[in-house]
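# Inside the fold
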Amino acid sequence: MGRTPPHPEVSQFDLQQVLEALVDPVRRSIVAQLDASGVDIPCGGFDIPVSKSTATHHFNVLREAGLIRQYYVGTSRMNSLRRAEMDEVFPGLLDALTRSKSSKVLNAKTSS
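These remarks concern the structure in this document.

So, how was this worked out
Residues numbered from 1 in each chain as written. Predicted model: local features only at pLDDT ≥ 70, side-chain atom pairs only at ≥ 80, totals over all residues. Heavy atoms only, no water. Helix = DSSP H or I, 4+ residues; strand = E, 2+ residues; numbered from the N terminus. Buried < 20%, exposed > 50% of the residue type's maximum accessible area, 1.4 Å probe, protein only. Lys, Arg positive; Asp, Glu negative; His and termini not counted. Salt bridge = Lys/Arg side-chain N within 4 Å of Asp/Glu carboxyl O. Polar contact = N/O pair within 3.5 Å; in protein donor to acceptor, adjacent residues only side chain to side chain. Expected span 1.5 Å × (residues − 1). Pairing = 2+ DSSP bridges. Contact = heavy atoms within 4.5 Å. Axes fitted to C-alpha atoms, helices over the stretch in contact; angles between N-to-C directions.

### Some points on the side chain of Asp24
Position of Asp24 relative to the elements: it lies in the loop between helix H1 (15-22) and helix H2 (25-37). Arg27 provides the closest opposite charge to the buried, salt-bridge-free Asp24, at an N-O distance of 4.4 Å. Within the structure, Asp24 has its side chain in polar contact with the backbone nitrogen of Val26 (distance 2.8 Å).

### Concerning H2
Taking 1.5 Å of rise per residue, the 13 residues of H2 would be expected to cover 18 Å, and the 18 Å separating its terminal C-alpha atoms lies within 8% of that figure. Those residues of H2 lying buried are Val26, Arg27, Ser29, Ile30, Val31, Ala32 and Leu34. The residue sitting at the N-terminus of H2 and contributing the capping side-chain oxygen is Asp24; that oxygen lies 2.8 Å from the backbone nitrogen of Val26. Looking at the residues trailing H2, positive phi occurs at Gly38, about 75 degrees.

### Observations concerning the sheet that holds strand E1 (residues 41-42)
Strands sit in the order E1-E3-E2 across an open sheet of three strands; the sheet is antiparallel. Of all the strands in the sheet, the pair left with one neighbour each is E1 and strand E2 (68-73). Note: E1 against strand E3 (residues 76-81), two bridges, orientation antiparallel. When the bridges of E3 are listed, Pro42 appears paired with Met78. Packing against the sheet, H2 makes contact with E1, E2 and E3, and its axis sits at approximately 80 degrees to E3. Lying on the sheet, helix H3 (residues 52-65) is in contact with E2 and E3; it crosses E2 at an angle near 120 degrees.

### With respect to the environment of Phe13
Tracing the chain through its elements places Phe13 in the segment before H1. For Phe13, a relative accessible area of 9% puts it in the buried group. Excluding residues that lie within four positions of it along the chain, Phe13 makes contacts with Pro8, Ala65, Gly66, Arg82, Glu85, Met86, Val89 and Phe90.

See below:
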């Protein structure tokens, strides 16, 4: 296992923990950015308005809830969205979250 942090198994996913992780706008933004990118993103590659230590806390909450998987590539800690696993346990949850985020971004752009 080495430096890779522990991740919950699919059977350990808890709806309450997932919803509590997603209640924070920074964490929702991280999930939305991962979903939109379609590729894994290093911790420093996100557009989030928080300090590095606060970002680390947000990544830990998302990982412990099972929403993201973290692993190392060299010295970079990479993040991937566990979409297929989340869709298996909570069908439609991430779709509703990302659809809501996309519509807000679209509405903000069209009303400018």
